[in-house]
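Breakdown of the fold
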Amino acid sequence: MKKRFLVTILLLLVLSLLPAYSALSAPTDNWQLVWSDEFNGTNGSAPDSTKWSLVDQGGGFGNSELEYYTSRRDNSYQENGSLVIVAKKENYTGQSYTSAKLISKNKGDWKYGRFEIRAKLPQGRGMWPAIWMLSTDAIYGGWPKSGEIDIMENRGDQMDKVSGTIHYGNDWPNNTYSGASYLLSSGQSFADTYHTFAVEWEEGAIRWYVDDVLYSTKTNWFTPSAPYPAPFDQKFYLMLNLAIGGPNTPFTGKTSPDDSALPQKFYIDYVRAYTKTASSTALDRTGWTATTSPVNSTPGNMLDGNMSSRWTTGADMVPGQYFIVDMNSSKTFNKLTIDCTGNNNDYARGYQVFVSSDGTNWGSAIASGTGTAPLITVNFASKTARYIKVVQTGTGTNWWSVREFNVYN
Ligand SMILES: [Ca+2]
Ligand SMILES: [Ca+2]
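Described below are features of the structure shown in this document. The shown structure was predicted, so the numbers you read here are calculated from the model rather than taken from an experiment.

Notes on the pairing of strand β5 (residues 82-92)
- Bridge count for strand β4 (residues 76-79) against β5 is 4 bridges, and the pairing is antiparallel. Across the sheet, Ser-76 pairs through a bridge with Ile-85, a residue of β5.
- Connecting β4 to the antiparallel partner β5 that follows it, the hairpin turn spans 2 residues, and Asn-80 within it adopts a positive phi of roughly 50°.
- Summarising the sheet, β5 and strand β18 (residues 264-276) pair through 5 bridges and their orientation is antiparallel. Counterpart to Val-84 in the pairing with β18 is Tyr-267.

Put into structure tokens, the structure is as follows:
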């Protein structure tokens, strides 16, 4: 997003369009949600100030951008479950357009993670929506020496294409970047519907996805003052903005904006940040037994390693149904899975998880949630106990079933 002086020419060199099918589905079990904004505030309300700061600034941002970013509700608000960033043709504090930019600096900062944003883009010549990240503390120096990760950028006269890029290296004009673009099928536009944009950033690797299709992986970069994997080994924060490119803005093609397209709206359904938990191993279930309420079918079917056998309530889901697994001796664990794949409507519509050392005293729930799919994965801080109890808290017109129940550490 910053200082793209040679972007137009160089992008032509790096547009190795790679939406060839490579299905690394995401997020995997090992990505755990740690932060999110679902933008469920009341219609017209400001973005959550505990998660975002609103930039109040103009001046071009090194790219001869034309907008002034305001903190007014004219340019940003929540509506119907989305954040809306509005770009307007409007004279304001020396600029001839207004828009908004949200930053999570010192409110949401992460070293490594999966960052997933579902958004519908604005359109029209000059529009430059961006979802990107910069270093919180910039310990390796000014741009681009502390790095920049662009999760998604688009130019509004090319609505079938987005790009993902990292910027790094020496001071401008000797800076470096690398990236790739993702193209929709012919005739489709990122302005027509929401799409999911994600980056997975781990030590030594950054991967870009659109709608869970991996389209770019970068593993090479540098910064002058520190060894690899610097600069991408420090905390970064998120930014969401809609810039307006002008006659001197390379990214948007050095043309004047199409004023007839304004106002334009950039809709963001959610922003979710995940961190990777250590890979886990399923515990050996030898000697484990299960009891259930209601008493029905064969509880041991959830522990037999066979997806074709199941325990089921034999009755519609109602709160209070439960099963208890006795692991035969005390175990330490931090994750469980309740799998009813194959009876795809039979998963718990809501659940609470309890643990006990004696099968009698359960204390308060260690985890709870709402099931949304036949495989329910529950992560929690490590526990040591012999018994695990899962209680149904939802209501449904299907029988509650469990084909396999596993516990991990
Ligand atoms: Ca939402
Ligand atoms: Ca089974």
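Brief notes about unusual backbone geometry
- With an omega of 10°, the peptide bond running from Trp-172 to Pro-173 counts as cis.
- Here Pro-173 shows up in the loop between β12 (161-169) and β13 (175-183).
- With a phi close to 55°, Ser-64 is a non-glycine residue in the positive phi region.
- Even without a glycine there, the phi angle at Lys-254 is positive, about 55°.
- Note on placement: Lys-254 falls in the loop between β17 (236-244) and β18.
- For Lys-254, a count of 13 C-beta atoms within 10 Å puts it in the partly exposed group.

Focus on the pairing of strand β6 (residues 95-99)
- Most of β6 is tucked away: 4 of the 5 residues are buried.
- Looking at chain direction, strand β3 (residues 67-69) and β6 are connected through 3 bridges and run parallel. Bridging across to β6, Glu-67 finds its partner in Tyr-97.
- Where β5 meets β6, 3 bridges bridge the pair, whose relative direction is antiparallel. Counted as the bridge partner of Lys-89 is Tyr-97 from β6.
- Where β5 folds back onto β6 in an antiparallel hairpin, the turn is made up of 2 residues, including Thr-93, whose phi is positive at roughly 50°.

Here is what the cut-offs are and how they apply
Residues numbered from 1 in each chain as written. Chains lettered and ligands numbered in written order. Predicted model: local features only at pLDDT ≥ 70, side-chain atom pairs only at ≥ 80, totals over all residues. Pairing = 2+ DSSP bridges. Helix = DSSP H or I, 4+ residues; strand = E, 2+ residues; numbered from the N terminus. Buried ≥ 20, exposed ≤ 12 C-beta atoms within 10 Å, placed from the backbone.

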